[in-house]
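# A look at the structure
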Amino acid sequence: MGNTFLRYFKIIVKSVSGSILRGFFLAVFFVFSYTFAQKPNFNFRQITLADGINCRTVRSVCQDKDGYIWIGSSFGVNRFNGKDFISYSSSKEDSFSLSFNNVWKVFCDIRNNIWAGGLSGIDLYDHEHDRFVKIMDDTVHPNNLNNPNCVYNRLTLAFFEDHAGSVWMGGW
């Protein structure tokens with residue numbers, strides 16, 4: 001019986017074209033590889049005020065090329081290195097602090113610039129001096145919609161970088 005089975009098996013294998021046989025073995029391989037594949041293991045950890053973040057209200061998140069996570073909140077911007085937070089907020093005593101605390105959008109562009117947009121301004125992070133520089137605020141550009149030289153910004157809600165590397169801002 002064993003020899004008869006082997007003889008018929010050899011005849012069937014010879015009569016079936018090589019591509020069909022390869023297809024069959026590939027299908028069997030994919031079925032078994034899917035069956036025994038490991039399921040992804042996602043680990044989530046809730047970050048709280050005790051971890052050092054300055055606010056529970058997170059509005060925007062981006063990651064720069066150095067791996068830092070930048071978080072925009074109603075109390076400014078947080079930079080997270082995976083372990084510790086550094087907070088940047090507005091201070092009347094510091095001219096290089098954020099020009100506003102209510103940050104609606106943080107954006108990391110292709111050049112590793114960190115943009116912060118919110119109520120009454122847009123700030124840009126200065127990596128060399130570890131501070132923010134005011135790019136636009138209501139004191140520099142007053143609310144004058146009839147002036148073609150004025151860029152009015154009340155609330156920056158969006159940043160976009162086009163294929164040429166230009167950064168566009170949107171708001172109202």
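Below, the structure is looked at part by part. Quantities reported herein were computed from a predicted structural model and do not represent experimental measurements. (Residues numbered from 1 in each chain as written. Predicted model: local features only at pLDDT ≥ 70, side-chain atom pairs only at ≥ 80, totals over all residues. Heavy atoms only, no water.)

Once that is clear, we can look at the overall build of the protein chain. When its secondary structure is counted, the protein chain shows two helices and ten strands. When the helices and strands of the protein chain are read in sequence order from the N terminus, they spell out α-α-β-β-β-β-β-β-β-β-β-β. Split into buried and exposed, the 172 residues of the protein chain put 30% on the buried side. Taking all contacts inside the protein chain whose residues are at least 6 apart in sequence as the whole, residues at least 24 apart take part in 38%. (Helix = DSSP H or I, 4+ residues; strand = E, 2+ residues; numbered from the N terminus. Buried < 20%, exposed > 50% of the residue type's maximum accessible area, 1.4 Å probe, protein only. Contact = heavy atoms within 4.5 Å.)

One pass over the full model with this rule turns up three salt bridges. Here D130 and R79 are joined by a salt bridge, their closest N and O atoms 3.7 Å apart. Of this pair, D130 sits in the loop between β7 (121-126) and β8 (131-137) while R79 is found in strand β3 (residues 76-80), placing the two residues 51 residues apart along the sequence. Since its relative accessible area comes to 36%, D130 is described here as partly exposed. Of the residues examined, R79 reaches a relative accessible area of 13% and is grouped as buried. D126 serves as the salt-bridge partner of R131, at 3.5 Å between the closest nitrogen and oxygen. The exposure class of D126 is buried, given its relative accessible area of 18%. (Salt bridge = Lys/Arg side-chain N within 4 Å of Asp/Glu carboxyl O.)

So, about a nonpolar patch on the surface. Taken together, the side chains of F96, V133 and I135 define a hydrophobic patch exposed on the protein surface, amounting to about 220 Å² of accessible area. Note that V133 resides in strand β8. The exposure class assigned to V133 is partly exposed, which follows from its relative accessible area of 30%. (Patch = residues over 30% accessible without salt bridge, like charges linked within 9 Å, V, L, I, M, F, W, Y side chains within 5 Å. Areas by Shrake-Rupley, 256 points an atom, 1.4 Å probe, with all protein chains shown as cover.)

Moving on, we come to the sheet that holds β3. Read across the sheet, four strands follow the order β1-β2-β3-β4 without closing on themselves; strand pairing throughout is antiparallel. This sheet does not close on itself; its edge strands, each paired only once, are β1 (58-63) and β4 (85-88). Ignoring strand direction, the axes of neighbouring strands in this sheet form an average angle of 20°. (Pairing = 2+ DSSP bridges. Axes fitted to C-alpha atoms, helices over the stretch in contact; angles between N-to-C directions.)

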